Structure formats: structure tokens, C-alpha cells
Amino acid sequence: MQKAKIKKILKRKNKLPIVCLTAYTTNVAKIADKYCDIILVGDSLGMVLYGMKTTRSVKIDTMILHAKAVKEVVKSSLVVFDMPYKTYTNKFIAYKNAKMVIKLTKCDAIKLEGGSNIAKTVNYLVKKGIPVLGHVGLLPQTSNNFKVKGKSITERKRILNDSIAISNSGAFAIIIECVVERLAREITKSIPIPTIGIGASRYCDGQILVTEDLVGLSNFSPKFVKRYENLNKSIEKSIKNYTKDVKMKRFPFIKNVYK
Ligand code: KIV
């Protein structure tokens with residue numbers, strides 16, 4: 001099942017774009033599963049759900065709770081577990097943790113941030129039977145600022161080499177975060193596995209966004225996010241109206257009362 005899903009994703013290179021979103025909860029996962037090829041239980045949940053400043057504070061146990069809940073309700077999408085900061089510092093630690101999270105959550109694959117520096121780890125995990133989704137470009141776990149990558153020739157070369165290293169290591173796809181368009185295009189042309197962009201242009205083989213950003217539930221709106229809704233506003237409106245109703249004794253209404 002998991003192998004068939006990954007095979008399907010691989011076949012989408014240069015074809016119909018791969019649709020991906022994050023989900024941390026069952027409510028969002030159930031909806032995303034109707035439309036997405038890949039659902040990522042991202043460590044961005046640290047900021048989006050828990051108000052943390054960076055993803056570096058996210059613990060593996062928190063990720064496991066959310067991933068378990070998501071995986072239980074997802075029927076068709078490939079579910080990817082985002083390995084948190086410092087849980088893959090070498091290939092043996094990475095394997096021990098990845099094996100544990102796959103066993104506990106039943107997720108289909110894991111995601112690791114990094115390039116040539118983690119290539120051996122990726123290769124080790126893949127050889128041990130754990131499918132890996134790569135992540136290059138802006139790396140939230142180790143980057144201190146939110147800045148577009150690949151503006152200089154040196155940086156472009158480094159990120160391209162990182163992508164090639166991850167692809168050669170056996171990853172089934174790679175996320176490219178926040179890079180200039182020409183670099184995303186060059187990476188996509190240079191590697192045989194699908195590229196999934198977040199702030200990395202239409203030249204990628206697929207796209208991913210944080211769901212809470214696209215529905216306007218987070219307060220994060222960089223240029224690369226398209227906001228389809230403003231849930232913050234809708235929730236505030238509902239809470240304001242509820243408050244008025246309670247205070248004016250309009251709620252509960254007759255139909256909300258048990259007789
Ligand atoms: O944690 C996350 O949600 C991610 C996406 C932004 C790709 O890594």
C-alpha cells in the first residue's frame with residue numbers, strides 16, 4: 001500500500017502537479033485526504049498550534065500524538081512524519097527514532113531537513129526500508145531568519161548540490177522551501193525525483209502549504225502563501241456574537257434546551 005502510493009508519486013514527475021498540505025488534527029486531515037496526494041504532519045505545528053517561536057522546541061512525543069491522530073483518519077493520502085530537530089543527528093539515532101515513530105504512528109514516510117550533510121543518513125534509512133522525503137532550501141530547524149535562498153551563485157550551487165545528494169541517497173521526493181524561481185527550476189530539471197515547492201515557484205512538480213496559512217488561521221502570510229479564507233475573522237465574529245447572546249440571555253434559545 002505504502003509502496004504503491006510512493007510509486008504513484010514518483011510517476012508524477014513532470015506530469016500532473018502533486019498536491020500536498022500539512023495536517024496536525026483529525027478535522028483537517030479528513031478534509032485534506034479528499035484532495036491531497038501527500039499530507040505532512042509538519043513540525044510547523046510548534047508555531048501554528050502551540051505558539052512556539054521556532055520549530056526547534058517541538059518534541060518527538062508531541063509529533064507522535066498528532067501523527068497518530070492524523071494517520072488514523074486518512075484513507076488515501078501518503079502521510080509523512082516530520083522528524084523534529086535533533087532527532088536525526090546521526091544515522092543510528094535517526095533509524096532508532098524513525099523506526100519508533102513509524103511503529104507508533106503507522107505513518108508512510110518521514111521527512112528530514114538538510115542536504116549533503118544528511119545524505120548518508122537518508123541513504124541508511126532508505127536501505128533499512130524507511131521512505132524519506134527530503135527538504136532543502138530554507139531549513140526552519142537550523143535557520144535563524146526567514147530569508148529567500150539562492151540569490152547568490154554560491155548559494156544556488158550549494159542548494160543544487162544538496163538536492164542532488166538527497167536524490168542520489170534514495171529519497172522519493174524533495175521539498176524545496178523559499179528559493180528563487182530559477183533555482184527551483186534548475187533543481188527540478190536536474191533530479192529524477194519529484195520536487196515539491198513551498199515558496200519555490202510553479203516549476204516544481206508539486207506544491208505544499210501549511211493549511212492554517214492558506215485558510216487564514218495563522219498570522220503568517222509571506223508572499224508565497226495564497227490565502228483562500230480568513231478563518232481568524234470568521235471565528236472572531238462567531239465568538240463575538242456568542243458573547244452578546246450569552247450576556248443578553250438570548251442563548252440558550254428554546255431549541256437548545258432539553259425538556
Ligand atoms: O513543518 C512543516 O510544515 C514543513 C512545511 C513548511 C514544508 O516543513
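Residues numbered from 1 in each chain as written. Predicted model: local features only at pLDDT ≥ 70, side-chain atom pairs only at ≥ 80, totals over all residues. Heavy atoms only, no water.

Undergrad: Looking at this structure, I do not really get the overall build of the protein. What am I missing?
TA: The number of helices and strands found in the protein is 10 helices and 8 strands. Computed over C-alpha atoms, the radius of gyration of the protein comes to 20 Å, within 12% of the 18 Å expected from 2.2 N^0.38 for 259 residues, which places it in the range of a compact globule. Taken over the C-alpha atoms alone, the protein extends approximately 65 × 40 × 35 Å along its principal axes. When each of the 259 residues of the protein is scored for burial, the buried share is 48%. When contacts within the protein are restricted to residue pairs at least 6 apart in sequence, those whose partners lie at least 24 apart make up 58%. For the protein, the accessible area works out to roughly 14600 Å², and carbon and sulfur atoms hold 57% of it. (Helix = DSSP H or I, 4+ residues; strand = E, 2+ residues; numbered from the N terminus. Rg over C-alpha atoms; globule rule 2.2 N^0.38 Å. Buried < 20%, exposed > 50% of the residue type's maximum accessible area, 1.4 Å probe, protein only. Contact = heavy atoms within 4.5 Å. Areas by Shrake-Rupley, 256 points an atom, 1.4 Å probe, with all protein chains shown as cover.)

Undergrad: Sorry if this is basic, but what is going on with the pattern of salt bridges here?
TA: It is possible for side chains bearing opposite charge to pair when their charged atoms get close. As enumerated under the stated definition, the model contains 8 salt bridges in all. The partner of Asp37 in a salt bridge is Arg12, with the nearest N and O atoms 3.0 Å apart. Here the residue Asp37 occupies a position in the loop between helix 2 (26-32) and strand 2 (38-41), and Arg12 occupies one in the loop between helix 1 (2-10) and strand 1 (18-22), the gap between them amounting to 25 residues. It is possible to trace a salt-bridge network through shared partners that takes in Lys5, Lys71 and Asp108. (Salt bridge = Lys/Arg side-chain N within 4 Å of Asp/Glu carboxyl O.)

Undergrad: Just checking my understanding: could you explain the packing of aromatic side chains for this structure?
TA: Here a ring pair, both rings aromatic, is described through the centre-centre distance and the interplanar angle of the planes. Throughout the structure, instances matching the rule amount to 5 aromatic pairs. What links up through ring pairs into an aromatic cluster is the set Phe92, Tyr95 and Tyr124. One cation-aromatic arrangement involves Arg56 over Tyr85; the distance from NZ or CZ to the ring centre is 6.0 Å. For Arg185, the ring lying beneath its charged end belongs to Tyr203, and the centroid distance is 4.3 Å. (Phe/Tyr/Trp six-rings, centres within 6.5 Å; stacked < 30°, edge-to-face > 60°. Lys NZ or Arg CZ within 6 Å of the ring centre and 35° of its normal.)

Undergrad: I tried to follow the environment of Gly134 on my own but got confused; where do I start?
TA: Examined against the element boundaries, Gly134 turns out to sit in strand 5 (residues 132-137). Apart from the residues lying within four places of it in its own chain, the contact partners of Gly134 are Lys111, Leu112, Ile166, Ala171, Ala173, Ile174 and Ile175.

Undergrad: Please explain the side chain of Ser44 as it appears in this structure.
TA: Examined against the element boundaries, Ser44 turns out to sit in the loop between strand 2 and helix 3 (45-48). In this structure Ser44 comes out as buried when scored by relative accessible area, which is 16%. A polar side-chain atom of Ser44 sits 2.6 Å from a polar atom in the side chain of Tyr24. Every residue in contact with Ser44, bar those within four places of it in the chain, is listed here: Thr22, Tyr24, Thr55 and Val210. (Polar contact = N/O pair within 3.5 Å; in protein donor to acceptor, adjacent residues only side chain to side chain.)

Undergrad: Even after reading the chapter, I still don't get the side chain of Asp213, so can you show me in this structure?
TA: With respect to the secondary-structure elements, Asp213 resides in helix 9 (residues 211-214). One buried charge, Asp213, has no salt-bridge partner; the nearest side chain with opposite charge is Arg227, at 6.5 Å. (Lys, Arg positive; Asp, Glu negative; His and termini not counted.)

Undergrad: Would you mind going over the nonpolar core with me for this structure?
TA: Within soluble globular proteins, side chains that are nonpolar tend to cluster in buried spots. Residues Ile38, Phe81, Ile110, Leu112, Leu125 and Phe172 are the most contacted members of the largest nonpolar core, which totals 69 residues. A per-element tally of this core places helix 4 (residues 60-73) first, with 6 residues. Excluding residues within four positions of it along the chain, Phe81 makes contact with Val41, Ile60, Met63, Ile64, Ala67, Val101, Thr105, Cys107, Ala109, Ile110 and Lys111. (Core = buried A, V, L, I, M, F, W, Y, C linked by side-chain atoms within 4.5 Å.)

Undergrad: Got a minute to help me understand a positive patch on the surface in this structure?
TA: On the surface, a cluster of positive charge is contributed by Lys68, Lys99, Lys103, Lys106 and Lys128. Residue placement: Lys103 occurs in helix 5 (residues 91-105). Lys103 gets classed as exposed once you look at its relative accessible area, which sits at 64%. (Patch = residues over 30% accessible without salt bridge, like charges linked within 9 Å, V, L, I, M, F, W, Y side chains within 5 Å. Charge placed at Lys NZ, Arg CZ, Asp CG, Glu CD.)

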